[in-house]
Amino acid sequence: MDISSITAATYIVASLLFILALAGLSRHESAKNGLTYGMVGMAASLVATVFLIIDRTHDGNGIAIVLMLIAIAIGAVIGLWRAKIVEMTGMPELIAALHSFVGLAAVLIGWNGHLEGSEYSLASLNNIHEAEVSIGIFIGAYGEKTISQAL
């Protein structure tokens, strides 16, 4: 079994954990479990991504891993700092700002998907890939723009 298959399986498990997290966060009684599911899902997906990058950089160049770990550290520091200083009345604005980052991430992921292209041999699958990428970019950009305007 190769690392790509393991990574794909890990991403599926992480997606299920994210769904459980959203379901858990919808009620006060299950919010702690939902938060745990979300953290475990994110940790699993990050670890899988690191191993995938290690596998794909055979030349020993670890700059991609270093950059990813720096980005994770910066995001964690900023997120923890904002979570500690936010007052309860400022929570809607914080959530809106975080959703803007999610929209920006969707745009960047879609853009990367477009630049890398698809590896399907059938033209119809390539068209589906391009449509999916376009829709993802549109929804991410529109959601990010709408939430930013609310701030």
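Residues numbered from 1 in each chain as written. Predicted model: local features only at pLDDT ≥ 70, side-chain atom pairs only at ≥ 80, totals over all residues. Heavy atoms only, no water.

Observations concerning the pattern of salt bridges
Two side chains carrying opposite charge are able to pair once their charged atoms lie near each other. According to the stated counting rule, one finds one salt bridge in the structure shown. Across the salt bridge formed by Arg-27 and Glu-29, the nearest N and O atoms sit 3.9 Å from each other. Arg-27 sits in the partly exposed class, given a relative accessible area of 47%. (Salt bridge = Lys/Arg side-chain N within 4 Å of Asp/Glu carboxyl O. Buried < 20%, exposed > 50% of the residue type's maximum accessible area, 1.4 Å probe, protein only.)

Description of the side chain of Thr-7
Within the secondary structure, Thr-7 sits in helix 1 (residues 3-24). Beyond its immediate stretch of four places on either side in the chain, Thr-7 contacts Ala-48 and Leu-52. (Helix = DSSP H or I, 4+ residues; strand = E, 2+ residues; numbered from the N terminus. Contact = heavy atoms within 4.5 Å.)

Examining the layout of surface pockets
One number sums up the size of the largest pocket: a volume of about 2,900 Å³. Considering the residues around the largest pocket, the lining is formed by 46 residues, among which Met-42, Phe-101, Val-102, Ala-105 and Ile-109 are closest to the centre. Counting only elements with at least two residues in the lining of the largest pocket, the list comes to helix 1, helix 2 (31-56), helix 3 (63-85), helix 4 (91-116) and helix 5 (123-150). Tallying contributions element by element places helix 4 first for the lining of the largest pocket, with 16 residues. Class assignment of the residues belonging to the lining of the largest pocket gives a composition of 30 nonpolar, 11 polar and five charged. Ser-4, Thr-7, Ala-8, Tyr-11, Ile-12, Leu-52 and Arg-56 together form the lining of the second largest pocket. Counting residues per element, the ones that place at least two in the lining of the second largest pocket are helix 1 and helix 2. Here the lining of the second largest pocket is composed, by residue class, of four nonpolar, two polar and one charged. (1 Å grid on protein atoms, 1.4 Å probe; cavity = no way out; pocket = protein on both sides within 12 Å on 5 of 7 lines; lining within 4 Å. Points joined across faces, edges and corners; volume = space filled by probe spheres on them. Nonpolar A, V, L, I, M, F, W, Y, C, P; charged D, E, K, R; others polar.)

Topic: helix 4
Taking 1.5 Å as the rise per residue, helix 4 with 26 residues should run 38 Å; its terminal C-alpha atoms sit 37 Å apart, in good agreement. Looking one or two residues beyond helix 4, the residue adopting positive phi is Gly-117, at roughly 75°. (Expected span 1.5 Å × (residues − 1).)

What to know about a nonpolar patch on the surface
A cluster of nonpolar residues, Ile-63, Val-66, Leu-67, Ile-70, Ile-74, Ile-78, Trp-81 and Ile-85, forms a patch on the protein surface that exposes about 770 Å² of accessible area. In this fold, Ile-74 is placed in helix 3. Using a relative accessible area of 47% as the deciding quantity, one classes Ile-74 as partly exposed. (Patch = residues over 30% accessible without salt bridge, like charges linked within 9 Å, V, L, I, M, F, W, Y side chains within 5 Å. Areas by Shrake-Rupley, 256 points an atom, 1.4 Å probe, with all protein chains shown as cover.)

Comments concerning helix 2
Compared with the 38 Å implied by 1.5 Å per residue over 26 residues, the 37 Å span of helix 2 between its first and last C-alpha is a close match. Buried residues of helix 2: Gly-34, Gly-38, Gly-41, Ser-45, Ala-48, Val-50 and Leu-52, and no others. The secondary structure elements touched by the buried residues of helix 2 are helix 1 and helix 3.

Topic: the side chain of Ser-45
The residue Ser-45 is located in helix 2 in this model. Not counting chain neighbours up to four residues away, the residues in contact with Ser-45 comprise Tyr-11, Ala-14 and Phe-18.

Focus: the packing of aromatic side chains
Scanning the model with the defined rule gives zero aromatic pairs in all. Above the plane of the ring of Trp-81 lies Arg-82, whose end atom (NZ or CZ) is 5.4 Å from the centre. (Phe/Tyr/Trp six-rings, centres within 6.5 Å; stacked < 30°, edge-to-face > 60°. Lys NZ or Arg CZ within 6 Å of the ring centre and 35° of its normal.)

Details of the packing of helix 2 against helix 3
At a closest axis distance of 9 Å, the pairing of helix 2 and helix 3 adopts a crossing angle of 160°. By the criterion of interaxial angle, the relationship of helix 2 to helix 3 is roughly antiparallel. For the crossing formed where helix 2 meets helix 3, the hand is right-handed. Residues Leu-46, Thr-49, Val-50, Ile-53 and Ile-54 of helix 2 pack against Ala-64, Ile-65, Met-68 and Ile-72 of helix 3. Among the residues making up the contact of helix 2 with helix 3, the classes are represented as eight nonpolar, one polar and no charged. (Axes fitted to C-alpha atoms, helices over the stretch in contact; angles between N-to-C directions. Parallel < 35°, antiparallel > 145°, perpendicular 65-115°, else oblique. Left-handed = near helix turned anticlockwise from the far one by under 90°.)

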